[in-house]
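Single-letter residue listing:
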Amino acid sequence: MTEPAADAEGFDPTLLAVLSSRMSAILREMTNTVVRTSRSSVIKTSRDFSCGIVTYDHRQISCESGLPVHLAALSLTTRPISKFFDDVKEGDAYVNNCSYTGGTHHADIALCVPVFCEGEPLFWTVVRAHHADIGAPEPTTYLPYARTIYEEGLHFPCVRFQEHYEDKPDLIRMCRMQIRVADVWYGDYRAQVGACRTAERRLKELVTKYGLATVKAFIEAWIAYGERRMIAAIRALPAGTWSYETRHDPVPTVADEGVPVRATLTVDPATAMITVDVRDNMDCVPGGINQSETCATAGCLIGVYNNLDPTIPHNEGSASRVEILLRDGCVVGRPTYPVGTSVATTNVNDRLSTAVSGCFTQMGRPHGRAEAGYSQTSGLAVISGLDPRSDRPEPYINQFMLGLSGGAGVDGHDGWVTHGAPCDGGMLRIDPIETVESMYPVLIEERRLSSDTLGCGEWDGAPATQGSYRPLDHDVTVNYASDGDMFASKGALGGSDGAPAINAKRHSDGTVHTLPSFHEEICGPDEAICYRSNAGGGYGDPRARNPARVAATVNRGWLSHEQAQTVYAVALVRAANGVDFEVDEAATAELRGQPV
Amino acid sequence: MTYAVCIDTGGTFTDCVVATGDNLRIFKTASTPPDFDRGFMNALALAAEDAGLGLDRFLAEVDVIIHGTTASTNALIEGKTARVGLIVNAGHPDILTLRDAPEKRSFDWHLDYPEPFVARNLTVEVGGRFDSSGRELEPLNEADVRAAADHFRRMETEAIAVCLLWSIIDGAHERRVAEILRDELPDLPVTLSHELNPVSREYRRAISASINASLAPVISRYVSSIEDSLREAGYRNDLLIANCVGGMMQAAEIVERPIYSVMSGPTLAPVAARHLTDEPDVIVIDMGGTTLDVSAIRDREIVVSPEAMLTRYDLLGLPKVDVRSVGAGGGSIAWVDPGGLLHVGPQSAGAQPGPACYGAGGTEATVTDANVVLGIIDPDFFLGGRIRLDRAAAKAAVEAVGARLGTGLLETAHAIHAASNHTMIAAIEDITVGEGLDPRECYLVAGGGATAAHLCEMADILGITRTMIPRFVAGLSAFGGLVSEFRSEAVATLAMTGERFDADAVNRVLTELTTKGAAFLERAGVATEDRRYDHLFSARYRFQSWEIDVPFSPGPGGLGADDVADLVSDFHAIHQRVYTIHNPEESVEFTAWKVRAVGAGRYSADREVPSPVVPAGAVVPKGRREVYRHEVGAAALLPVFDADRLGPGMHIDGPAIAEAELTTILLRSGWVADIDAHGNFLLTKDKA
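Below, the structure is looked at part by part. (Residues numbered from 1 in each chain as written. Chains lettered and ligands numbered in written order. Predicted model: local features only at pLDDT ≥ 70, side-chain atom pairs only at ≥ 80, totals over all residues. Heavy atoms only, no water.)

### What to know about the overall build of chain A
Using the following cut-off: Every helix listed is a DSSP run of H or I at least four residues long, and every strand listed is a run of E at least two residues long, numbered separately from the N terminus. In this description the radius of gyration comes from C-alpha coordinates, and the expected globular size is given by 2.2 Å times residues to the power 0.38. Throughout, a contact is declared for two residues whenever any of their heavy atoms are within 4.5 Å. Each accessible area is a Shrake-Rupley estimate made with a 1.4 Å probe; only the visible protein chains count as cover when residues are assessed.
Across its full length, chain A carries 14 helices and 21 strands. Rg of the C-alpha trace for chain A: 24 Å, near the compact-globule value of 25 Å for 596 residues, within the 12% margin. With respect to the principal axes defined by its C-alpha atoms, chain A has extents near 75 × 65 × 45 Å. Taking as baseline every contact in chain A between residues at least 6 positions apart, the subset at least 24 positions apart corresponds to 72%. Accessible surface for chain A amounts to roughly 18,500 Å². Of this, 52% is attributable to carbon and sulfur atoms.

### Side note on the interface of chain A and chain B
Selection criterion: Throughout, buried area stands for the accessible area (probe radius 1.4 Å) lost by two parts on being put together, summed over both. Every case where a carboxyl oxygen of Asp or Glu lies within 4 Å of a side-chain nitrogen of Lys or Arg is listed as a salt bridge. Pairing of N or O atoms within 3.5 Å defines a polar contact, subject to two protein rules: one partner must be a possible hydrogen donor and the other a possible acceptor, and residues neighboring in sequence count only if both atoms are side-chain atoms. Amino acid classes used here: Ala, Val, Leu, Ile, Met, Phe, Trp, Tyr, Cys and Pro are nonpolar; Asp, Glu, Lys and Arg are charged; the rest, including Gly, are polar.
Contact residues are listed per partner, giving 81 residues for chain A and 67 residues for chain B. Buried surface at the junction of chain A and chain B, summed over both partners, amounts to about 6,400 Å²; 53% is from carbon and sulfur atoms. On the chain A side of the contact with chain B, Arg36(A), Trp416(A) and Glu434(A) bury the most area, a combined 14% of that side's loss. Here chain A and chain B share ten salt bridges between them. Close ionic contact of Glu437(A) with Arg129(B) constitutes a salt bridge, the shortest N to O distance being 2.4 Å. Run the count over chain A and chain B and you get 30 residue pairs in polar contact (both at pLDDT 80 or more). Where the side of chain A that touches chain B is concerned, the elements lending two or more residues are α1 (13–37), α6 (182–210), α8 (293–305), α11 (433–439), β13 (442–449) and α12 (547–555) of chain A. Residue contributions to the side of chain A that touches chain B peak at eleven residues, all from α6(A). Taken together, the residues of the side of chain A that touches chain B sort by class into 29 nonpolar, 24 polar and 28 charged.

### A short note on the nonpolar core
For clarity, the threshold we go by: Only buried Ala, Val, Leu, Ile, Met, Phe, Trp, Tyr and Cys residues count toward a nonpolar core, and they belong to the same one when joined by side-chain atoms within 4.5 Å. The classification of residues rests on relative accessible area computed with a 1.4 Å probe and restricted to protein chains. Under 20% of the type maximum is buried, over 50% is exposed, and intermediate values are partly exposed.
The biggest cluster of nonpolar side chains holds 130 residues, and the ones touching the most others in it are Leu44(B), Phe58(B), Ile65(B), Leu230(B) and Ile416(B). Not counting chain neighbours up to four residues away, the residues in contact with Leu230(B) comprise Phe40(B), Met41(B), Leu44(B), Leu59(B), Ile65(B), Tyr235(B) and Leu239(B). Judged by nonpolar contacts, the second largest core, of 116 residues, contains Ile53(A), Tyr186(A), Ala539(B) and Trp546(B).

### Some words on the pattern of salt bridges
All names here are of chain A. Inspection of every chain in the model, using the stated rule, returns 82 salt bridges over all chains. Aspartate 283 serves as the salt-bridge partner of arginine 327, at 3.0 Å between the closest nitrogen and oxygen. Remark: aspartate 283 occurs in the loop between β9 (273–277) and α8 and arginine 327 occurs in the loop between β10 (322–325) and α10 (347–361); sequence separation between them is 44 residues. Aspartate 283 sits in the partly exposed class, given a relative accessible area of 48%. Close ionic contact of aspartate 414 with arginine 545 constitutes a salt bridge, the shortest N to O distance being 2.9 Å. Note that aspartate 414 is positioned in the loop between β12 (394–399) and α11 and arginine 545 in the loop between β19 (528–532) and α12, a separation of 131 residues in sequence. Arginine 545 shares its class with aspartate 414; the two are buried. It is possible to trace a salt-bridge network through shared partners that takes in Asp87, Lys89, Asp92, Arg160, Glu163 and Lys168.

### Observations regarding α8(A)
All names here are of chain A. What counts here: Expected helix span is taken as 1.5 Å per residue step, with the number of steps being one fewer than the number of residues.
Between its first and last C-alpha, α8 extends 18 Å over 13 residues, near the 18 Å set by a 1.5 Å rise per residue. Burial of α8 is extensive: twelve of the 13 residues sit out of reach of the surface. Considered for burial, the residues of α8 that qualify are Thr294, Cys295, Ala296, Thr297, Ala298, Gly299, Cys300, Leu301, Ile302, Gly303, Val304 and Tyr305.

### Focus on the sheet that holds strand β27 (residues 623–629) of chain B
Residues and elements named next belong to chain B. What counts is decided by this rule: Strand pairing is assigned whenever DSSP identifies at least 2 bridges connecting the two strands. Between N-to-C directions, angles cover 0 to 180 degrees, with each direction set by a line fitted to C-alpha atoms, over the stretch in contact for helices.
With respect to topology, four strands assemble into an open sheet ordered β27-β28-β30-β31, the strand pairing being mixed. The sheet is open, and its two edges are formed by β27 and β31 (664–667), each paired on a single side. If you compare each strand with its neighbour and ignore which way they point, the axes differ by 35 degrees on average. The pairing of strand β28 (residues 634–642) with strand β30 (residues 656–659) spans three bridges and is classified as parallel. Residue aspartate 642 lies in a different strand from β30, and its bridge partner there is glutamate 659.

### Some details on the environment of Thr363(B)
Residues and elements named next belong to chain B. Its place among the elements puts threonine 363 in the loop between β20 (342–348) and α11 (367–373). For threonine 363 and alanine 400, which are 37 residues apart along the polypeptide, the C-alpha to C-alpha distance reads 9.5 Å. Sequence-distant contacts of threonine 363, that is, excluding residues within four places in its chain, are made with Ala356 and Ala397.

Given below as structure tokens:
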């Protein structure tokens, strides 16, 4: 959370700052607990989890401590608990992973713990984590071809997993029976329990220290402060209505032409409101790429938040200035039961937030940004198999994060290299090679930033990451759902597109063949899976880029000196050390048609 | 009579504390960047003069010199480290660019991706690969290594770091690379990641090896120049250097592992504070000319950050005493932005030209100038009157800021004073509130000559009611050096589980590590009875990535087969305490064993440090002067005490000023000061 600049309607501004940092500290401690105690690499090292605190009446306090898609609409996840239960009590913990009751998608288990202070329920502490497995028919947590919820595995539509601070053994037994590699699942679940309980203890201490009335007043002041900051930000935007459309790659039999996603955004500085209308989109598709309501709402908010001052607290107050118009039965709206939403958090969600973000780009400079790379290549696959390294082969399953997609160029800055898809918002980590190789019987042959892939612009997109991996002494099953292989990230305002993603297999004879984008592949020890993520798009005309920056990009190995000349109109010559390049000022001026 | 000397070289000032049998003296002189060794020798000359001896006679009687130095920190900040070449596995050239993906704020895209510590065009890939079990999948490609040497020659590389995957399981490839480099580039220092920092996760090893290599020539030159100067001046005894883990090492060992010199100096402040007070939770602030360093003690232990950052985006790769710096010091410059908002720092006037009131060419208003204008600092008694400050120059500089703000002189001076307090408060909150520690429940120990003028106001805002201004506040870190211990930690990886526990193997490892530690203490000349060995094991549940360190005592005969049950239950208990969860049914994996060798220094542990000699006398002010008091909006006449004449048992009430040669204490109303047996000022907020 950020430092409030002004007093918050009578609430002591110093105390507002102190208490908001206390909340941030609690969220950091939750995050730390999950990282330190969880088991699957998707949670402990990739950090595909998020921590949040919501008021007991379901108002968001922050969404800074994790992935935007997990947190932007977090209160939708706790809200149904109040609908289903009239006996919520201290010591309870609820699991929600169901898209039809406020979940994001089935693999994201949200653990929600009510916090009672002096007998009064005041907060929910929530950890939403993407599990390595959720008991689906296929060994993966992303099922693009699953048409209905019945093909997705376990759903817990707000189920009480703990009472009196104890797990319910029957529910744990049920999960352990159906989820692959149950020990890892249970360790991850317990890490969530630890984080939620730690936060519960800290919040109680906070109330003991400052008093119930002060903490309650703080919540109101904090939310009001978020709203005031948002009002000021909206008033600084031009008035008008803008639209933008992007298109998710085709998914055979699910969406053969791909999924076009349109957003229309209206800014009304007078009322200080932004309206996002995404109703004009196709109906739900027969597969797993439909949005859940929580994801659709989050996607719209991400598109807005990405284009405003990041120091605005992203709480109930700021969200209240964004009106989101969703449609029932729409691919980016409220899904119609029992349609599939297995892949709701990533693919079409990224297109949705990109479409909203693109509306800002239509405002012209300095607004908006190019498109960031799309995701879920085979470099982010769910891998599974039998680990041959112990006496008795042991099953394993996990999503690893080898290479994230590249960030988008914005006015004044190049794209962030480890951006990942818009749903991740640069909050994911990549797996250390040694962590992956020690946990799973695979060898990561290569991971490098990929030359001549970045979207060129006055402000470049970030390059793609490419590489390859192979199983050691066994066969690995690889599952992925890769968007951006065909419709890659677009440049903006004269910038060029990022290079598309690639998924391929190297066979034992050394030949390499492209693999389908939404796919399960079995790979043997004399073969390898090759991946390249989608690079980020460029912002503005590359010929306006500072030539020294172009030379630096070439020396970094991200760009060939030929491209420097043809795309950026920058002439380079070898430096005295015979390795680096430097700008030939005169030749560049000539190329750019400027006086020498 | 023999002397023990500690010299702490900061960016602006060089502090020197000298202990003899019955007395402790402190000296301060300007640092002399970039040749810090001159300031070092100047400080010794001051000490010799005070002892009434020539430098050679004085040094002949010094039996140990302990040194905290900003040399490496300075080189890192100013980018004056050596040009490093990095050797990595084929296919993995971007370890330092990708890191683990650097941490950023959500929804923030208007920022530049951080450059890698070693540029990509100085990173070279070589063929050869081990897997995680230590199986060699591909032999080292020696031709690649020779080509790398060629490349480094052309790039005028000055030091080399080598980080190969799984070198912690089998270091053969890294060692062979070093051999080839010795042949090809015999003059370049080479750091092998598995030797420096044998931890899993390649980025951590690569960054620490690269930092170490980048500092190798810098620290080697620096230590040589100090040793040469000392030898010329006739010194024959030990030179010890403070390290980043809160201990000291022989100079030769810091040259071998220069990364340990990062933040040497600031890490001594909490060491000093731990010696000065028995309070469990302490915040330590040390304000110099340019920065404020904040550190903490929790449950009597100096807080160490296992994931210490070198910069915002890069890890150090090794644990380090958690010291956080912010650009706020006596020399911090006040400026007004185009929107009319006042800022103080992070730019600093440093020692040269220094604040405007130094009259050495500085014209910009600094915090010190503001304090002169406010009447807190007496221009005629700065450094005990050795430097006469120019009040008119301070006034002119502050007035210039006031003209831009549209405020009067005193109001402007107070705004500068207060703005710098708030910058410092934010840094204190970062290490307390930010880590879940309530500052109001902490004791505060001040360091730095300028701090005492700000302390009460900061404490009031933070809600802290008890603080200490040590007698040697102006040289807190230097004092810390004097009371520090020898410290070295040796780690060995040895994996086993609670069910398959091999006590003999563990004992063999512990013996090896203890032998290493004993050798370290032997080299340091620590007597056997002054040696201590702390034992820790790292353990986790299966598939966790992060271990917890659990202390244990193996006993004289080592661990027995029956001891494992205790180790396992200690692990479960600590896991429960730290994370609120544990699973007694689960197997515990032991991963590493550590022995921390600790040797008492001359004044460490419970040994009494000599106290200053304070003449007895009555508590009478030496005078009165006008000091601006914001709480009443006007200047008021405050009593001024000579702090050097306030001895044990004496007491003064605020509002008042107590000044000594190197510090000025502003005691606000509502605060009282009691002088303890060692001459330290214990400040307490009056409950009434």
